[in-house]
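Summary of structural features
Here is how the chains run, residue by residue.
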Amino acid sequence: MKRIMGIETEYGISGGEASSVVNAYQGKKQSHTNISRTNESIVNGLTDIGGHIGGDYGSLQDQLELYQFGTPSVHTRVSTPVISSFSFTAADDMLDNGARFYVDMGHPEYSTPECSNPKDLVIADKAGELVVGRAAKAANPEIRIFKNNSDGQGHSYGTHENYLMNRVTSDEFKERVVPALLPFFVTRQIFTGSGKIGLENAFQHGGYSSSSSTRSSPYESQRDDTFLALENLGYHFLDIPEFRDVKKILLRLCGEREQRGEQQLFQLSQRADFFTELVGLQTTYDRPLINTRDEPHADQSKYMRLHVINGDANMCEVADFLKVGTTSLVLDLIEDNVAPQVELSDPIKVFRNISRDQSRCWELDLVEGRRIIAVDVQRKYLEAAKTHYQGRDEITDELLNRWEFTLDQLDRDPMQLVGSIDWVTKLALITQIMDKNSLNLNDQKIRNAALQYHDVDRDKGLFYFLQGKGLVSRLVDDEEIETAVSTAPIDTRAYLRSRIGEIVDVKSVDWEGFTIKSKGKNVLVKIREPFSGRKEQVGQIFEGDLTLDEIVKVLSETEGIEVSDQSIFTPSVYPASKNTKYHRSKKSK
Amino acid sequence: MAEQEQEKYQGPKQRDPSQDYVKGRKTKEIKSLIEQIDGLVEKDNLADKYRQQGGQ
């Protein structure tokens, strides 16, 4: 298996500011300067009217909200911002392990370096937990960092996967890629979900509900919203006497459930409540199952980036491995034109329903009219992958075996997957705490435990307590993870990009390259092939005592690397700064 | 082919999720550690206070 892939995680934070965490990182780092075009869609005609702070682009309204008023954003469909340009400074660094660490919409965000396979990506993702956790401790020991995707109160933040694919046209993407991905994405949560107590945004699919903040619990907010919706609906049925009876029955049943302490649901996915569109460019509102933000950070004529925003952050290494590994296998199937044909009826509804299904049977409707279970949808992809890729390489075979084993267990008895799958592990954990204390899902202690599961602090996090007791299946070891805190993968361009600062004066750095100073001029080294710049190609420049000219010569003769003495960091577009400055006009995108 | 698959399809396996958690070696081991786990769970209103800015 060989594909460029990475994970970017917005971490939850309490007790301090994201910028203080990023700024406190004590490992080696260099300011990141964005040189790639952003916010472009693989599908023609899609636009993003939202935006985010930090990252690669920004909505002017959001920036103003955060920097002038400091209030959480309430995302809705908004019109074009009135203000035409705005710039701000945000903490944004490239680390010596090839990762990027920065502030994004109030969250510390960590993007792994480019990895060549899912196992290396698990290592890099786990190293990210250490980086963010240690930076938080250095900033303020009171700060808590959570690797999750929801605060349980209507606000979600993402863990995005990135896969480099062969470029296809807009029409090919819509006709071939989207139909093949949708059934896979809406059903993979049965093994990628991290588990969540309660519903969020149950009745406000277009954005975030800010009204819930005044109520005592998310459940009460959802219950009240339900009955409000029922009241509104009632006006259309006043002439039907049975309608009043329906409301009475619901009120009684609701009361009974509350008395039994069963008012909350345990969902598979942290994110499913927040998706309302099939395909789209936006990531902060009206989230789409398939995001089309196409930033390959590589030769755009050859490559596109698949930006996956529907997944959860994983604590379990096995779940993380399955998430990125099976997705990469499905992309292989799509690129080889051998993906299975499955057409779901209403994928958005299926995505939510699978997550919320308390029977954990996960039955869904196909367009052709028959029903199928999510496990069997996954089996169709598994079987196709086995047919075409079994025996290809060691990692592929390990993936296929684990995928099959996991689906078999999910079909027979999901709770056998404690320590491998996050939603199962979390459910087993909180169920034991509920039993011991005679509590239910809605009790404060249980909700605390569900949150503490995601705490990256090895001393406070409940996931790490279980791991410390040997109850979590390991795929990689702590030494590999520790190494990845300060060392980039050797088989992608992250190797060259992360080490070049050891031997020359680097003026600026981005995913796709860096600028060094040579003979008074800025020399741009652009690595347009992400598998170029790997150790076997350029390792010699770090071993010999080469002059700057010799280093530049080696790089310019390396396949996939372009060297030019024309800096692309044109001041009028990318102002020079210690930190990244974003200067974006909405109309310029 | 679709008809054949439909004939094979027996619907989802019937499970009682409330009983699921008692199964499994690791679940039993979690149970044996419950006193320690219980002590680690914070007593304050951590989850209620945990409020994040919406992200991507």
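About the criteria used
- Residues numbered from 1 in each chain as written.
- Chains lettered and ligands numbered in written order.
- Predicted model: local features only at pLDDT ≥ 70, side-chain atom pairs only at ≥ 80, totals over all residues.
- Helix = DSSP H or I, 4+ residues; strand = E, 2+ residues; numbered from the N terminus.
- Buried ≥ 20, exposed ≤ 12 C-beta atoms within 10 Å, placed from the backbone.
- Contact = placed C-beta atoms within 7 Å.
- Nonpolar A, V, L, I, M, F, W, Y, C, P; charged D, E, K, R; others polar.
- Core = buried A, V, L, I, M, F, W, Y, C linked by C-beta atoms within 7 Å.
- Domains from an automatic or database assignment.
- Pairing = 2+ DSSP bridges.
- Axes fitted to C-alpha atoms, helices over the stretch in contact; angles between N-to-C directions.
- Parallel < 35°, antiparallel > 145°, perpendicular 65-115°, else oblique.
- Left-handed = near helix turned anticlockwise from the far one by under 90°.
- Expected span 1.5 Å × (residues − 1).

**Some thoughts on the overall build of chain B**
Counting its regular elements, chain B contains five helices and zero strands. Along its sequence from the N terminus, chain B presents helices and strands in the succession α-α-α-α-α. Across the 56 residues of chain B, 25% fall into the buried class.

**A word on the interface of chain A and chain B**
Facing 60 residues of chain A, the contacting portion of chain B comprises 35 residues. Those elements that place two or more of their residues in the side of chain A that touches chain B are β2 (12-14), β16 (371-373), α12 (422-437), α13 (444-452) and α14 (462-468) of chain A. Here the residues of the side of chain A that touches chain B sort into 22 nonpolar, 24 polar and 14 charged.

**Section: the nonpolar core**
All names here are of chain A. The biggest cluster of nonpolar side chains holds 139 residues, and the ones touching the most others in it are V21, V22, V131, V132, I354, L429 and A449. At 10 residues, helix α3 (residues 118-139) tops the list of elements feeding residues into this core. Three or more residues apiece are contributed to this core by two domains, here domain 1 (5-198 + 268-478) and domain 3 (486-588). Not counting residues within four places of it along the chain, the set of residues in contact with V132 comprises Y11, V21, P108, Y110, I145 and V456.

**What about the sheet that holds strand β18 (residues 513-518) of chain A?**
All names here are of chain A. The strand order β17-β18-β19-β20 describes an open sheet built from four strands, whose pairing is antiparallel. The sheet is open, and its two borders are formed by β17 (506-510) and β20 (561-564), each paired with just one other strand. On average, adjacent strands in this sheet sit at an angle of 15° to one another, irrespective of strand direction. Sheet analysis places strand β19 (residues 521-527) next to β20, joined by four bridges and oriented antiparallel. In the sheet register, I527 faces β20, and the bridge partner there is I561. Packed on one face of the sheet, helix α18 (residues 548-556) meets β18, β19 and β20 and runs near 135° to β20.

**Quick word on the packing of α3 of chain A against helix α8 (residues 317-335) of chain A**
How two helices sit against one another is set out by the angle between their axes and by the gap between those axes. Residues and elements named next belong to chain A. The contact between α3 and α8 brings their axes to 9 Å, and the two run at 135°. Classified by the interaxial angle, the pair formed by α3 and α8 is oblique. As α3 packs across α8, the resulting crossing turns out to be right-handed. From α3, P118, K119, L121, V122, D125 and K126 reach across to α8, where they touch E317, D320, F321, V324, G325 and S328. Class assignment of the residues belonging to the contact of α3 with α8 gives a composition of five nonpolar, two polar and five charged.

**Some remarks on the environment of A298 of chain A**
Here A298 of chain A shows up in the loop between β13 (287-291) and β14 (303-308). Ignoring sequence-local partners within four residues, the contact set of A298 of chain A consists of L164, Y303, E512, R528, E529 and P530 of chain A.

**Looking at the pairing of β14 of chain A**
Residue and element names in this part refer to chain A. Taking burial as the measure, the six residues of β14 include five buried ones, the bulk of the element. Examined bridge by bridge, strand β9 (residues 159-166) and β14 share six bridges and lie antiparallel to one another. For E161, the partnering residue across the bridge sits in β14 and is V308.

**What to know about helix α10 (residues 374-389) of chain A**
Residue and element names in this part refer to chain A. An ideal rise of 1.5 Å per residue puts 22 Å on 16 residues; α10 measures up with 22 Å between its terminal C-alpha atoms. Among the residues making up α10, those that are buried are A374, V375, D376, V377, Q378, R379, Y381, L382 and A385. Just downstream of α10 lies G391, where phi reads positive at about 85°.

**Focus on α8 of chain A**
Residues and elements named next belong to chain A. In a regular helix each residue adds 1.5 Å, so 19 residues correspond to 27 Å; α8 covers 27 Å between its end C-alpha atoms and thus fits that length. The buried count for α8 comes to 17 of 19 residues, which makes it a mostly enclosed element. Positive phi appears at N337, one or two residues downstream of α8, with a value of about 60°.

**A closer look at unusual backbone geometry**
At D346 of chain A, a position not held by glycine, the phi torsion is positive, near 60°. In this fold, D346 of chain A is placed in the loop between α8 and α9 (347-356).

**So, the environment of A384 of chain A**
All names here are of chain A. Note on placement: A384 falls in helix α10. When the C-alpha positions of A384 and V554 are compared, they lie 43 Å apart, and in sequence the two are 170 residues distant. Setting aside its immediate chain neighbours within four residues, A384 contacts L333, V338, A339 and P340.

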